[in-house]
Amino acid sequence: MMSFEEKLAQSIQNLQNADKPDCPMDCLNNYADFIELLVLFSGSDGVSYGDIQDRFFGELDENSTSEKNDKNESFIDSIYKIIDERMILYKDTYPFDKKDEVILLKKQLSIKQKIYLFLLLSSSLDIFKSFNAELTTDFETLCYKVMQLYLPNAVVKAFGKNSEYTGSAKVKIKKLAEDLGVSLDDYDFEQIGDRNSQERGLDIVGWLPFDDNCSNMIIFLGQCACGKQYESKQHDVRRFKNYYRYYKTKPQCTLFIPYSLINPGKRKFYHSDYIEEGYLLFERKRILGLLEDADVAIFNNLKTKPLVEKCITN
């Protein structure tokens, strides 16, 4: 088993070996995240425009056409625009600063700024492969708290890791049906393997009950997804529409991701086509916006707190 220091060293090596993020060039948000990771590990020097240009495209080739150089510069300018937007959007929650064309990590970070860094690491599982289990578990824990804050009058329960629902998938799904006061669709329910112990894609569930015990109520089915292919995860909680017979109202499918997708100018999401119709999305800005400044315990209770702290001081 690898030690903490060995896993961190491996993660840093993964970052050093990557010239650019493993994604298409139109995924500017992922490129902005990648630059933020470079800044996090850059020490007090920060990362300059020239550093980014060399990293992504190599040293400037005098024989290159001006059209190619202009295209490369335009691409970097587009990423800088995303970072400028984040500075305005996140305000004091944003842990990075910019002086001229150099991006720097702020000093004396607040708890919210450290949680931003946790979300940044959670959206970079390809770099932090050695910490995948810890990051995904902590992200689920954080999202559980976020749903509680978003629905202060609701019953909120974890259904994935660290859940009070135990046993096989059938046992857990049946127990949740009893708590929600809904009936099972016998045919689809019986299609679940008796030995299946997984949660079938549901991580967090919340509902707003009435005191009349009628099952006609708003139900939130939450999925937590850290991987870059999060759009494929949206089908997971939809299968619960097959297992349960909801009474007169459909459940609200909910997706939690650690990525930053708010486009302030359009008042919509970047990569809006990735998000399916009927989904409520909690991304990086919404998650941080719901967390209260006094909730220091949220960060202190994360198993990956030492990882975040070490990345800051590394």
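Residues numbered from 1 in each chain as written. Predicted model: local features only at pLDDT ≥ 70, side-chain atom pairs only at ≥ 80, totals over all residues. Heavy atoms only, no water.

The next subject is helix H5 (residues 111-122). Taking 1.5 Å of rise per residue, 12 residues should cover 16 Å, and H5 covers 16 Å from first to last C-alpha, within 8% of that figure. Listed in full, the buried residues belonging to H5 are Lys112, Gln113, Lys114, Ile115, Tyr116, Leu117, Phe118, Leu119, Leu120, Leu121 and Ser122. (Helix = DSSP H or I, 4+ residues; strand = E, 2+ residues; numbered from the N terminus. Expected span 1.5 Å × (residues − 1). Buried < 20%, exposed > 50% of the residue type's maximum accessible area, 1.4 Å probe, protein only.)

Right, let's talk about the side chain of Arg86 for a bit. Checked against the element boundaries, Arg86 lands in helix H4 (residues 66-90). Under the relative-accessibility criterion, Arg86 is labelled buried at 3%. Sequence-distant contacts of Arg86, defined by excluding residues within four places in its chain, comprise Asn29, Ala32, Asp33, Glu36, Lys91, Tyr94, Tyr116, Ser260 and Arg284. (Contact = heavy atoms within 4.5 Å.)

What follows is about the packing of helix H3 (residues 49-57) against H4. Packing of H3 against H4 leaves a shortest axis separation of 11 Å and a crossing angle of 120°. What the angle tells us is that H3 and H4 run oblique. Seen from above, H3 lies across H4 with right-handed handedness. Every residue of H4 that contacts H3 at Tyr49, Ile52, Gln53, Phe56 and Phe57 is listed here: Asn72, Glu73, Phe75, Ile76, Asp77, Ile79 and Tyr80. Residue composition of the contact of H3 with H4, by class: eight nonpolar, two polar and two charged. (Axes fitted to C-alpha atoms, helices over the stretch in contact; angles between N-to-C directions. Parallel < 35°, antiparallel > 145°, perpendicular 65-115°, else oblique. Left-handed = near helix turned anticlockwise from the far one by under 90°. Nonpolar A, V, L, I, M, F, W, Y, C, P; charged D, E, K, R; others polar.)

Turning our attention to the nonpolar core. Counting 71 residues, the largest nonpolar core has Phe96, Leu117, Leu121, Phe128, Phe139 and Phe256 as the members making the most contacts within it. The residues contacting Phe139, other than those within four sequence positions of it, are Phe118, Leu119, Cys224, Ala225, Cys226, Phe256, Ile257, Pro258 and Ile287. Counting 32 residues, the second-largest nonpolar core is a separate cluster that includes Ala177, Phe189, Trp207 and Tyr243. (Core = buried A, V, L, I, M, F, W, Y, C linked by side-chain atoms within 4.5 Å.)

A word on the pairing of strand S8 (residues 252-256). Among the five residues of S8, four are classified as buried, and the element is accordingly described as predominantly covered. With five bridges joining them, strand S6 (residues 219-224) and S8 adopt parallel strand pairing. Residue pairing for S8: Leu221 is matched across the bridge by Cys253. With four bridges connecting them, S8 and strand S11 (residues 279-282) associate as parallel partners. Looking at S11, one finds that Leu255 is bridged to Leu281. (Pairing = 2+ DSSP bridges.)

What follows concerns empty space enclosed by the protein. For the coordinates displayed, the defined rule picks out one cavity of 30 Å³ or more. Its volume calculated, the largest cavity comes out at about 50 Å³. What lines the largest cavity is simply Asn29, Ile82, Glu85, Arg86, Leu89, Ser260, Ile262, Pro264 and Tyr270. Residue contributions to the lining of the largest cavity peak at four residues, all from H4. Broken down by class, the residue content of the lining of the largest cavity amounts to five nonpolar, two polar and two charged. (1 Å grid on protein atoms, 1.4 Å probe; cavity = no way out; pocket = protein on both sides within 12 Å on 5 of 7 lines; lining within 4 Å. Points joined across faces, edges and corners; volume = space filled by probe spheres on them.)

This brings us to the pattern of salt bridges. One pass over the structure, following the stated rule, counts 13 salt bridges. The partner of Arg86 in a salt bridge is Asp33, and the shortest N-O contact between them spans 2.9 Å. On the criterion of sequence distance, the pair formed by Arg86 in helix H4 and Asp33 in helix H2 (residues 28-40) is long-range, its members being 53 residues apart. Residue Arg86 shares its accessibility class with Asp33, and that shared class is buried. Three or more residues joined by partner-sharing salt bridges are found here, namely Asp33, Glu36, Arg86 and Arg284. (Salt bridge = Lys/Arg side-chain N within 4 Å of Asp/Glu carboxyl O.)

It is worth spelling out the confidence of the model for the protein at this point. As a general rule, the predicted coordinates of low-pLDDT regions are not to be interpreted in detail. With 95% of its residues at a pLDDT of at least 70, the protein reaches an overall mean of 90. Across the protein, H5 holds the top mean pLDDT of 97, while helix H11 (residues 296-300) sits lowest at 85. (pLDDT = per-residue confidence, 0-100.)

With that settled, consider the packing of aromatic side chains. Considering all chains together, one arrives at 23 aromatic pairs under this definition. When the centroid spacing of 5.0 Å and the interplanar angle of 90° are considered together, the rings of Tyr31 and Phe75 count as edge-to-face. Taken together, the positions of Tyr31 in helix H2 and Phe75 in helix H4 put the pair 44 residues apart, joining distant regions of the chain. Judged by its relative accessible area of 1%, Tyr31 falls in the buried class. By the ring-pair criterion, three or more aromatic residues cluster together here, those being Phe159, Tyr165, Phe240, Tyr243, Tyr244 and Tyr246. Above the face of the Phe189 ring, Lys170 is positioned so that its terminal group lies 5.7 Å from the ring centre. Across from the ring centre of Tyr116, 4.9 Å away, lies the NZ or CZ of Arg284, which sits over that ring. (Phe/Tyr/Trp six-rings, centres within 6.5 Å; stacked < 30°, edge-to-face > 60°. Lys NZ or Arg CZ within 6 Å of the ring centre and 35° of its normal.)

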